[in-house]
Amino acid sequence: MKIVAVTACPTGIAHTYMAAARLEKIAKNLGHEIKVETQGAMGVENKLTENDIRRAQIVIFAVDIEVEGRERFNGVKVIQVSLQEALKNPEGIFAKIQR
Amino acid sequence: MSTSLSFTFVCSLSNGIHARPASHLAEVANTFASECILTNLRNDAIAKVRSVLAIISADVRHGDCCFVQVSGPDEQFAHAALQRFIGEVLPGCDVPLAGGDGFARGRTLPRVLQAAGVTGSFGLPVSSGFARGKVVIVSGMALPRGLQAKPAPDPEKELERLKRALTTVCGRIRDKLTHAISPTAAAILQADLAIASDVSLSEKLAEEVSQGQSAGQAVMEAGEFFISVLRQSASEYTRERASDIQEICLQLLGEIYGAELRVSAADLHEPSVVVAEALAPQQLLALDRRYLKAIVLEHSGTTSHAVILARSLGIPLVVGVKNARVLFSPGQEVVVDANRGFVVSNSANPVQRFYEHEVTTLERRRELVARHATGPAITSDGKTLEVAANASSHEEVVQAFANGADAIGLFRTEMLFLERERPPSEDEQFAIYSEAARTAAGRPVIIRTFDIGADKPAPYLGLAQEENPFLGYRGVRVYAEHKELLQSQLRAILRASLLGCIQIMAPMVSSLEEVLEFKAALSEAKQSLTIMSVAFQADIPIGIMVEVPSVAFIFDQLCAEIDFFSIGTNDLSQYFFAADRGNPKVAGLSKVRQPTFLRFLKQIVDQIHRAGKWVGMCGEMAADIRYLPLLLGLGLDEISLPAAQIPECKRRISKLLAAECQNILNRAIACVHAVEVDDVLDRQQSLGAAQPLLSEELVLLESTSQSKEEVIQEIVDAFYVTGRTEDRHRLEESLWARETVYSTGLGYGFAAPHCKTEAVTSDSIGILRPNRPIDWGSVDGEPVGMIVLIALRNQGSASRHMQVFSMLARKLMNDEFRAHLLAVKTAREMVTYLAQQLE
């Protein structure tokens, strides 16, 4: 499966990056292809291109704040969870996607 | 006698019938001859309505049902009047008091104490430090020892003394009432007057005297009786009134004993915390320094002499603690935290644990600071600023140099002249000045000639009471009339001048004429010494205080006459803005960080420097470390402050960049409001060379912390002792602000608390591994055994450090990385490992 994700938290110091690392790892273990854009204290990193988004079968927003450039994802299937959820139970998110 | 008339009412006042409504009620009852009795049906308390104290003692709260019975010759009129008053007027008698505890609002205790359910009384910390001790209330209520034992052979005479005192006190309050500046002030005075003229009080006093008490003892007994009654009230408002009674009793004692009472001070026998409404400098000095550990004042003034004195002696002091004398009882063990600004009872275990840690933290912090105290204060970019101390006794001079002072920038001499029958002799002064010069061992000592006005007690000067002593006959202005006093002081200073580097400074100068007269007086003193063949330093430097704005317009003339200047910011700002700094309604106007005032200071310094002369600052502004960037920006040659603050001040200077301080000053000058200046100061980036993200001191393995609160406190303290934060409270609160969004416990037994804050001086990582797992409210519900704390200084743009932080956050998701952190044996190993991993 081709997945893209965005992580973002209010201070943008820790959870944005922890969640990104977590999602990348689980996806890899499950054999998915994933690209995670982080919106943190360093601004937008690993930015998702139009092409990335078009090719993706699903988008995960693991966010506690508004996603920057949300309009980029219009027309794509989006699943939104809190950052805490992404850290606590990332397997659960992927299980939901596969269903 | 006819049958009595009665009615019932329900109290609708939200704070109950406290002193102010009670005083109105009693006023009405007192216009009639009938006896009016109020019964509070809730507690069956019975009160004479003519007595304010009795009404207050009945503790009538909101919703209480009361029964009023009126009997006597004019009972019909009295009944009607009281009923109408209680129904129509009384509910409007409770206009809330204006003003109050601005700085105490929104203050919180450290989280560790909050979590332990401790409550604190807040105030404004004005002399830092913390101390434990038993409460000793110095209220003036304590009679001097000699007076306590005095028998009262003639009750008639004692009663007469009491009546006279009551009449005088009432008269004085009435007099003040006619000058009351606001309705609130008038209402308070009215309540005071009601208490002073209360029938219950005078009855109680008479009763005490009839039992053989002296007038003073009777006041004490009666005061204590009513205070204890009021303290039992459920209403905070009523409990507060206890201090009104205390105030009246103090005034009565003052009348009865006069000067004898003024010297009264407490005898201290064990480590003590002195709690008082306000303290006179002489009162403070009379306290046994061995046992005086801290002071708590209800009065909120921050520039009184007692405050200045406590600061220079390094005695922790918190001012503006409302009702401290009522809230704390004598003998109670308390902790005064004058770093944070509160007082807590020391009985709870967590308090003791917290302050045991605090002792170690502050000790280590002092070591850090002391490393910077020796040697001159030089900014990161190489500019030296002389850091001198203010002093007024030999003791303070010794402390100043022990703390690393480069000089004594202001030796106040008026303390030598006050509260005594005769002025100090020339020899007495010579002894004191030469002691200071010897202790200074060649470093400069600026001695300021006496600055006395009508506000300071020096009876032999015969200064008349003045409406406004700060604008009156004081300082250099009295020298012409008291020529010999000045001559003897100048001769004493000159004689001491050979023993070191002494300089003379004149206070309160406002014109060139005064400078010329002062110089002539100095020549005369020199001449008389020459005649007597006494040696002195012929070219002793002469300077003046810059505290009257008029001198700012004649620097060209002044610089031709004298050698140096020292800016006294307290008086200069209040004269500049025409705003009394003791009047809370206008004190805000004369804040030294008003941009207008900063402009004025810049003009002063620039003008003096253009003429090639030296200028320092010895006012309170120099003592406030927050203003250091502004002072460096001004380009002052010296700042003079209380000795206790010198090490920290020197350390701060070494962290600043002089060039950037000029920019900070320019930005501050361009502001409109004082608060914007605060903002500029908060944002200042000029913190010198950055520290590495992590150091061994920030790795706390085998921590004994037992809770989330203690863990965060311990890491914050580690930041403090390594100079990574100057504001522990703000750093702690930033971390907790993040925790309240949701716990930073990320599972796997790890937590990563973090924040973005200007409370850290540089980006930092703190690591703590507790001996026992800590409940962190983690996502998986498990306790944590490893805490990695990240503090980012808000610098707006993406920084290199943020890259490290994001890498660290990602790594925390890596099993191997976490296992390694748990296995690391030493702090050094931890630093090395992380440096490797986060390359």
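Figured I'd write up the structure that's included with this text. These figures come from a predicted structure and were not determined experimentally.

With that settled, consider the packing of aromatic side chains. Residues and elements named next belong to chain B. Applying the stated rule across the entire model yields 18 aromatic pairs over all chains. Ring geometry for Phe 354 versus Tyr 355: centroids 4.9 Å apart, planes at 85 degrees, classification edge-to-face. Here Phe 555 and Phe 565 contribute two aromatic rings whose centre-to-centre distance is 5.3 Å and whose plane-to-plane angle is 90 degrees, an arrangement assigned as edge-to-face. One end of the pair, Phe 555, is in helix α20 (residues 555-561); the other, Phe 565, is in strand β19 (residues 564-567), with 10 residues separating them in the sequence. Each member of the pair, Phe 555 as well as Phe 565, is classed as buried. Above the plane of the ring of Phe 225 lies Lys 204, whose end atom (NZ or CZ) is 4.2 Å from the centre. Stacked on the ring of Tyr 720, the Lys or Arg Arg 728 has its end atom at 4.3 Å from the ring centre.

Moving on, we come to the packing of helix α16 (residues 394-402) of chain B against helix α17 (residues 426-440) of chain B. Residue and element names in this part refer to chain B. The geometry of α16 relative to α17 is characterised by a closest axis approach of 10 Å and an angle of 10 degrees between their N-to-C directions. One element, α16, and the other, α17, form an angle in the roughly parallel class. On α17, the residues touching His 394, Val 397, Val 398 and Phe 401 of α16 are Glu 435, Ala 436, Thr 439 and Ala 440. Residues that form the contact of α16 with α17 fall into these classes: five nonpolar, two polar and one charged.

Looking now at the environment of Pro110(B). Residues and elements named next belong to chain B. As for its position among the elements, Pro 110 is in the loop between α3 (75-89) and α4 (111-115). Considering only alpha carbons, one finds Pro 110 and Gln 713, 603 residues apart in sequence, at a separation of 8.2 Å. If we ignore the near neighbours within four places in the chain, the residues touching Pro 110 are Arg 340, Phe 342, Phe 354, Gln 713 and Glu 732.

All names here are of chain B. Remark: helix α31 (residues 815-823) packs on helix α32 (residues 827-837), axes separated minimally by 10 Å, with the N-to-C direction vectors making an angle of 160 degrees. Our classification of the angle between α31 and α32 gives roughly antiparallel. Seen from above, α31 lies across α32 with left-handed handedness. Of the residues in α32, those in contact with Phe 817, His 820 and Leu 821 of α31 are Met 830, Tyr 833, Leu 834 and Gln 837. Here the contact of α31 with α32 is composed, by residue class, of five nonpolar, two polar and no charged.

To continue, consider the pairing of strand β18 (residues 542-546) of chain B. Residues and elements named next belong to chain B. Buried residues dominate β18, accounting for five of its five residues. In this sheet, β18 lies alongside strand β17 (residues 501-506) in parallel orientation, the contact comprising three bridges. Looking across to β18, one finds that Met 505 is bridged to Gly 543. Each parallel crossover has a hand, and the one from β17 via helix α19 (residues 512-531) to β18 is right-handed.

Cut-off values and rules
- Within each chain, residue numbers correspond to sequence positions counted from 1 in written order.
- Naming scheme: in the order in which they are written, chains are lettered from A and ligands are numbered from 1.
- Per-residue local features are limited, in this predicted model, to residues with pLDDT of at least 70; the limit for side-chain atom pairs, both in listing and counting, is 80 or more; totals at the level of whole chains, interfaces and linings are taken over all residues.
- The side-chain quantities take in all heavy atoms of the structure and omit both hydrogens and water.
- Geometry of aromatic contacts follows a simple scheme: Phe, Tyr and Trp rings, the Trp one being its six-membered ring, pair when their centres are within 6.5 Å, and the pair is stacked under 30 degrees between planes, edge-to-face over 60, tilted otherwise.
- In this description a helix means any DSSP run of H or I spanning at least four residues, a strand means any run of E spanning at least two, and both kinds are numbered starting from the N terminus.
- Each residue's exposure class comes from its accessible area (1.4 Å probe, protein chains only) as a fraction of the maximum for that residue type: buried when under 20%, exposed when over 50%, partly exposed otherwise.
- Over a ring means this: the NZ of a Lys or the CZ of an Arg is within 6 Å of the ring centre and within 35 degrees of the ring normal.
- Axis angles are defined between N-to-C directions and span 0 to 180 degrees, where every axis is a line fitted to C-alpha atoms and, for a helix, only to the segment in contact.
- Small angles under 35 degrees read as roughly parallel and large ones over 145 as roughly antiparallel, with 65 to 115 read as roughly perpendicular and the rest as oblique.
- Contact criterion: two residues are considered in contact whenever any of their non-hydrogen atoms come within 4.5 Å of each other.
- Basically, the charged four are Asp, Glu, Lys and Arg, the nonpolar ten are Ala, Val, Leu, Ile, Met, Phe, Trp, Tyr, Cys and Pro, and anything else, Gly included, counts as polar.
- Should the near helix be turned anticlockwise from the far one by less than a right angle, the crossing is left-handed, and should it be turned clockwise, the crossing is right-handed.
- Should DSSP find at least two bridges between two strands, the strands are regarded as paired.
- For the handedness criterion, the strands are oriented away from the viewer, and a crossover whose path from the first strand over the helix to the second runs clockwise is classed as right-handed.

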